[in-house]
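The primary structure of each chain is shown beneath.
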Amino acid sequence: MRLTIVGHLKGQLTAATRIAMNRGAAVTHAESVDQALKTLRAGRGADLIMVDVALDVRELVANLVAERFHVPVVACGVDTDARAAADAIRAGAKEYIPLPPDPELIGAVLAAVADDSRDMVFHDPAMISLVQLATQIAASSASVLITGESGSGKEMLARHVHDHSLRAKAPFVSVNCAAIPEQLLESELFGHEKGAFTGASARRIGKFEEASGGTLLLDEISEMDVRLQAKLLRALQERVIDRVGGGKPVPVDIRVIATSNRVLADEVRKGTFREDLLYRLNVVNLKIPALRERPADVLALAAHFANKYARINGFPVRPLSSEARGELTRSRFPGNVRELENTIHRAVLLAVGSEIGVDAIRSPDGAPLSAAARGTAAHAVETAEQVTRSFVGMTLADVERDLIFDTLGHTRGNRTHAANILGISIRTLRNKLNQYDDEGFAVPPPQAGVAAA
């Protein structure tokens, strides 16, 4: 986790720095917006920027957008009045944190950007053999493809490979290909030269150069545009990159790890993923089994998360009751480890007494996990019957358009989330929305802070 703090606030941001560093963040300071931008352009990247609200937050955000930096901004200020917070959010900040900083609030913001816990917790034989293989190949320079369902722990396994490699002391840089709009991803990866496009006021070092000597993680690589895949293939083959607008190849020394929750061979058959790139990436394939396929890990992870969230929230560490353990082992956890973690965090907060009882093991709406699963199935059947009846008389194109618009409404316009729910690439979704816009339909606007299609 890399944090850049911009400005001074009578020592208040110094306190925020201490809190961040205690939580494992690498902190960089900049006195002004200009200095912060110079730091980013030089390749000393950031996962999060905290900026003094007294500085020009709007200027900072505008420059980040113009120069294609994909970094969330959080404003901070000693003024607790709602106007300061509202002005900061309107200027483009994601959050506003009042100062002096509350340790748990700073911790929650950092956790929302990157998971600070790097512990690999596994007891199941399937995971034991997988981690052994990952450790065995870590010392090589081979590219690695990690596959598995969402929430199964792909990024954590990638960090394990990096930490056990000869590059462990060099940077580990992660790029989520699904979260960054297509038109920004090229500059994010390869950087750009001054004047390469409108807003490119200075040279910017991309993630390839930032990760020099270390490891570059390309998360959800199946979402990358085919044109950009060709440029990535050249970088892997020749160990050089071209900055956007540049005319001179730049040598790079990195190891690439890619992850995908899709079957890339299927994407090759569809024509959305290059076969030669798949061969180049898939030197070693580490396939993480879903949590339901490694039952011995459920209780080990549950105990780990119970201890973790008890400490974070200042609660006593309590064991899971036998009934609670039984409830957990019976659950399918379609959201995998991520869903289990949220379930246990919730249970730590809800539990009373000396144990975490079965009554605390609940779904987000408060229903017991087993009841929620049964209720979800019954509701799904009823909803399917109603939806099927409503389709009568509609064309397939009409049904598809309504489904896309309804899903965008559910995600409040977030294109990436909608594409994941629909099971299509973000590129396909954007093409569909452009088509509907050309046909005169009212396309739902994107969520605030999310690039338009």
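Just so it is clear, the model here is predicted, and its values are computed rather than measured.

It is worth spelling out the overall build of the chain at this point. Scanning the chain from N- to C-terminus turns up 19 helices and 12 strands. Out of the 453 residues in the chain, the part that is buried amounts to 47%.

This part covers the pattern of salt bridges. Summed over the entire model, instances satisfying the criterion amount to 25 salt bridges. When the shortest N-O distance is used, the salt bridge between Arg269 and Asp266 registers 2.1 Å. Here Asp266 and Arg269 lie together in helix α11 (residues 264-270), a separation of 3 residues that amounts to about one turn. Take Arg269: its relative accessible area is 65%, and that puts it in the exposed class. Taking the shortest distance from any N to any O, the salt bridge between Asp297 and Arg294 comes out at 3.2 Å. On the basis of relative accessible area, Arg294 is assigned to the buried category, the value being 2%. A single network of salt bridges, built from pairs that share partners, joins Glu188, Arg204, Lys207 and Glu210.

On to the sheet that holds strand β2 (residues 26-30). If you walk across this open sheet you meet the 5 strands as β2-β1-β3-β4-β5, and the pairing is parallel. The sheet terminates laterally at β2 and β5 (95-98), the two strands that pair on one side only. The mean inter-strand angle of the sheet, taken between neighbouring strand axes irrespective of direction, is 25°. As judged from the 4 bridges shared by strand β1 (residues 2-6) and strand β3 (residues 48-52), these two strands associate in the parallel manner. In the sheet register, Val6 faces β3, and the bridge partner there is Val51. Taken strand by strand, helix α2 (residues 33-41) contacts β1, β2 and β3, and its axis lies near 135° from that of β2.

Turning our eyes to something else, we now look at the environment of Met127. In this structure, Met127 sits in helix α6 (residues 125-138). Those residues in contact with Met127 that sit more than four places away from it in its chain are Phe122, Ile288, Pro289, Arg294 and Asp297.

Turning our attention to a nonpolar patch on the surface. Taken together, the side chains of Phe315, Leu349 and Leu350 make up a nonpolar region of the molecular surface, amounting to roughly 260 Å² of accessible area. By relative accessible area, Leu349 is classed as partly exposed at 45%.

What follows deals with the side chain of Asn336. Tracing the chain through its elements places Asn336 in helix α15 (residues 336-350). Within the local environment of Asn336, its side chain forms a polar contact with the backbone nitrogen of Leu291, the two atoms lying 2.9 Å apart. If sequence neighbours within four positions are ignored, Asn336 has contacts with Glu149, Ser150, Gly151, Ser152, Ala290, Leu291 and Arg292.

Within the secondary structure layout, Arg203 lies in the loop between α8 (182-190) and α9 (207-210). Non-local contacts of Arg203, meaning those with residues more than four positions away in its chain, are made with Arg41, His192, Glu193, Lys194 and Arg243. Among the polar contacts made by the side chain of Arg203, one reaches the side chain of Glu193 at a distance of 3.0 Å.

We now examine the side chain of Arg243. Structurally, Arg243 can be placed in the loop between β9 (240-241) and β10 (250-251). Engagement of the side chain of Arg243 in a polar contact is seen with the side chain of Glu209, the distance being 2.9 Å. Each residue touching Arg243, except ones within four places of it in the same chain, is listed here: Phe190, Gly191, His192, Glu193, Arg203, Arg204, Ile205, Glu209, Lys231 and Val250.

Here we take up the sheet that holds strand β8 (residues 215-219). One open sheet accounts for 5 strands, arranged β7-β8-β11-β6-β12; its pairing is parallel. Lying at the two open borders of the sheet, with one neighbouring strand each, are β7 (172-176) and β12 (284-287). Neighbour to neighbour, the strand axes of the sheet diverge by 20° on average, direction disregarded. Alignment of β8 against strand β11 (residues 255-260), held across 4 bridges, turns out to be parallel. Bridge pairing in β11 links Leu216 to Val256. Its contacts with the sheet put α6 on β6 (144-147), β11 and β12, and the angle it makes with β12 is roughly 155°.

Below, the discussion takes up the packing of helix α17 (residues 396-410) against helix α19 (residues 426-438). At their nearest, the axes of α17 and α19 sit 11 Å apart, and the two run at 110° to each other. Taken as axis vectors, α17 and α19 run roughly perpendicular relative to one another. Crossing angle aside, the handedness with which α17 passes α19 is left-handed. Seen from α17, the contacting residues are Glu400, Arg401, Ile404, Phe405 and Leu408; seen from α19, they are Leu429, Lys432, Leu433 and Tyr436. Here the residues of the contact of α17 with α19 sort into 6 nonpolar, no polar and 3 charged.

Cut-offs applied
- Residues numbered from 1 in each chain as written.
- Predicted model: local features only at pLDDT ≥ 70, side-chain atom pairs only at ≥ 80, totals over all residues.
- Heavy atoms only, no water.
- Helix = DSSP H or I, 4+ residues; strand = E, 2+ residues; numbered from the N terminus.
- Buried < 20%, exposed > 50% of the residue type's maximum accessible area, 1.4 Å probe, protein only.
- Salt bridge = Lys/Arg side-chain N within 4 Å of Asp/Glu carboxyl O.
- Pairing = 2+ DSSP bridges.
- Axes fitted to C-alpha atoms, helices over the stretch in contact; angles between N-to-C directions.
- Contact = heavy atoms within 4.5 Å.
- Patch = residues over 30% accessible without salt bridge, like charges linked within 9 Å, V, L, I, M, F, W, Y side chains within 5 Å.
- Areas by Shrake-Rupley, 256 points an atom, 1.4 Å probe, with all protein chains shown as cover.
- Polar contact = N/O pair within 3.5 Å; in protein donor to acceptor, adjacent residues only side chain to side chain.
- Parallel < 35°, antiparallel > 145°, perpendicular 65-115°, else oblique.
- Left-handed = near helix turned anticlockwise from the far one by under 90°.
- Nonpolar A, V, L, I, M, F, W, Y, C, P; charged D, E, K, R; others polar.

Fair warning: the whole summary comes from geometry, so function is off the table for now.
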